[in-house]
Amino acid sequence: EAKAQGRGIYSFYTQALTRSARVRMEMEADLRRGLVREEFRLNFQPVVDLANGRIAGAEALVRWQSPVHGLVLPNRFIPLAEETGLIEPLGDWVLEEACQQMAKWTAAGADLDFIAVNLSPRQFQRGTLCERIEEVLRRTGLPAARLEVEITENVLFGAVAAERKLRDMRDSGVRIALDDFGTGYSSLAYLKRFPISKLKIDRSFVHDLPRAADAEIATAIISIARALGLDVVAEGIEAPEQCAFLKERGCGFGQGYLFGRPVTSERFLRLALQGPIATAMAHPGSPRLH
Ligand code: C2E
Ligand code: MG
Ligand code: MG
Ligand code: MG
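Residues numbered from 1 in each chain as written. Chains lettered and ligands numbered in written order. Predicted model: local features only at pLDDT ≥ 70, side-chain atom pairs only at ≥ 80, totals over all residues. Heavy atoms only, no water.

Trainee: An account of the coordination of the magnesium ion (ligand 3) is needed here, citing residue identities and associated values.
Mentor: Around a metal, the ideal angle is 109.5 degrees if four donors adopt a tetrahedral arrangement and 90 or 180 degrees if six donors adopt an octahedral arrangement. Those protein atoms acting as donors to the magnesium ion (ligand 3) are Asp179 (OD), Asp180 (OD), Glu235 (OE) and Glu235 (OE), and they sit at 1.9 to 2.7 Å. Read from N- to C-terminus, the donor residues coordinating the magnesium ion (ligand 3) fall into the pattern D-D-x54-E. (Donors = N, O, S within 2.8 Å, 3.2 Å for Na, K, Ca; no water.)

Structure below.
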């Protein structure tokens, strides 16, 4: 009887596994079709100079407008794209589209320092990454110094020839930002070894500012960045108090819903042409420290 029951459970699990494998395969097929049918879009979120509210640049964030699944955010499809290798054509598209939009905004009179593009581990591991970036810059006419690539610490962890690749990128003029800083396999040795230009403080350390451990962690990251001559951006700023605290501690740049959500290219251009963002300058009383 126990045996029969065991078999029952076993077949329950196989069915569940089969179902989840099928859902995955369908999703993969949908992604593949989505690429061909051009269902992907980029949104752009402003990165603001906290000293004066100026929009310094934009981060490109991919969205999938699927006829089957509706609007899908990257956390729901980037991991699958990464596993299946679809991230390679998708990433190529993102890079080209982002550079193209940046070149367009500049031609339309927007004064922006950079467009930031996220790279996932598999894209970074590709042997042809640097050539691909150079090709896209050539095609779009965007100066290398205007492109910033965002990688996470985990990308560097154990990546073959990571140092070489980053140096090649850096030598070509492209800037490198460490995204979600402090949440990965962090090693301060990375900051010494790799040609990083910018640290992005993960939004999990911004959330509770100016209270609690977040205040200490954010302050420490800002100090490290400043001591090493790196730019520092705080992600996920939603409240004036968070902004005031970060400014007071010497954080140069900020990104978050307080300044602007990710928007279409057209809306981003309008925003960029409007000038400084007032909420970055507001003083909600003096920030309460500790
Ligand atoms: P990320 O690079 O850390 O991007 C920041 C994420 O935080 C974005 O989520 C953005 O919409 C969100 N965010 C910005 N400000 C705020 C805020 O004030 N509050 C809150 N709660 N969230 C905020 P999104 O667009 O859903 O992207 C999630 C992640 O997906 C990104 O995290 C990035 O790792 C990945 N991703 C997005 N686009 C691409 C892409 O083109 N290629 C690759 N490889 N990964 C991408
Ligand atoms: Mg990012
Ligand atoms: Mg980030
Ligand atoms: Mg993040």
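After that view, the rundown keeps rolling.
Trainee: So what's going on with unusual backbone geometry? Residues and values would help.
Mentor: For the bond from Leu209 to Pro210, the omega torsion is 0 degrees, close enough to zero to count as cis. Mapped onto the fold, Pro210 is located in the loop between β7 (198-201) and α9 (212-227). Despite not being glycine, Glu38 has its phi angle at roughly 55 degrees, a positive value. Looking at the element boundaries, Glu38 is found in the loop between α1 (2-36) and β1 (40-49). (Helix = DSSP H or I, 4+ residues; strand = E, 2+ residues; numbered from the N terminus.)

Trainee: An account of the packing of helix α5 (residues 129-140) against helix α7 (residues 162-172) is requested, with residue identities and associated values reported.
Mentor: At a minimum axis distance of 10 Å, the contact between α5 and α7 shows a crossing angle of 20 degrees. Classified by the interaxial angle, the pair formed by α5 and α7 is roughly parallel. Where α5 crosses over α7, the handedness of that crossing is right-handed. From α5, Leu129, Cys130, Ile133 and Glu134 reach across to α7, where they touch Lys165, Asp168, Met169 and Ser172. (Axes fitted to C-alpha atoms, helices over the stretch in contact; angles between N-to-C directions. Parallel < 35°, antiparallel > 145°, perpendicular 65-115°, else oblique. Left-handed = near helix turned anticlockwise from the far one by under 90°. Contact = heavy atoms within 4.5 Å.)

Trainee: Help me get a handle on the site of ligand 1, residues and values and all.
Mentor: In the vicinity of ligand 1 lie 23 residues, with Arg63, Asp179, Arg203, Glu238 and Tyr257 positioned nearest. Within the side chain of Glu235, one N or O atom sits 3.1 Å away from an oxygen atom of ligand 1. At a separation of 2.5 Å, a nitrogen atom of ligand 1 approaches a polar side-chain atom of Glu238. For ligand 1, the accessible surface in isolation is 800 Å², of which the surrounding protein chains cover 86%. Placement of ligand 1 is best described as lying within the largest pocket. Sorting the residues of the shell around ligand 1 by element identifies β2 (55-66), α2 (74-84) and β6 (175-181) as the ones contributing at least two each. When its residues are assigned to classes, the shell around ligand 1 shows eight nonpolar, seven polar and eight charged. (Near = heavy atom within 4 Å. Polar contact = N/O pair within 3.5 Å; in protein donor to acceptor, adjacent residues only side chain to side chain. Areas by Shrake-Rupley, 256 points an atom, 1.4 Å probe, with all protein chains shown as cover. 1 Å grid on protein atoms, 1.4 Å probe; cavity = no way out; pocket = protein on both sides within 12 Å on 5 of 7 lines; lining within 4 Å. Sits in = over half its atoms within 2 Å of the grid points. Nonpolar A, V, L, I, M, F, W, Y, C, P; charged D, E, K, R; others polar.)

Trainee: Residue-level account of the coordination of the magnesium ion (ligand 2), with values.
Mentor: Only Glu59 (OE), Asn118 (OD1), Glu150 (OE) and Asp179 (OD) from the protein coordinate the magnesium ion (ligand 2), and they sit 2.0 to 2.2 Å from it. Of note, the magnesium ion (ligand 2) draws all its donor residues from one chain, in the sequence arrangement E-x58-N-x31-E-x28-D. Between the magnesium ion (ligand 2) and the magnesium ion (ligand 3), both coordinated by Asp179, there is a metal-metal distance of 3.6 Å. In this pair, Glu59 is assigned in strand β2 and Glu150 in strand β5 (residues 147-152), connecting sequence segments 91 residues apart. Taken individually, Glu59 and Glu150 each receive the classification buried, so the pair is uniform in this respect. (Buried < 20%, exposed > 50% of the residue type's maximum accessible area, 1.4 Å probe, protein only.)

Trainee: Break down the pattern of salt bridges for me, with residues and values.
Mentor: Throughout the structure, instances matching the rule amount to 19 salt bridges. A salt bridge links Glu148 to Arg175; the shortest N-O distance between them is 3.5 Å. Of this pair, Glu148 sits in strand β5 while Arg175 sits in strand β6, placing them 27 residues apart in sequence. Residue Glu163 pairs with Arg193 through a salt bridge whose shortest N-O separation is 3.2 Å. Placement of the pair is Glu163 in helix α7 and Arg193 in helix α8 (residues 188-193), with a sequence separation of 30 residues. Note on Glu163: relative accessible area 31%, which makes it partly exposed. In this structure Arg193 comes out as partly exposed when scored by relative accessible area, which is 41%. Beyond isolated ion pairs, a larger network of salt bridges with shared partners links Glu88, Asp92, Arg122, Arg126 and Arg132. (Salt bridge = Lys/Arg side-chain N within 4 Å of Asp/Glu carboxyl O.)

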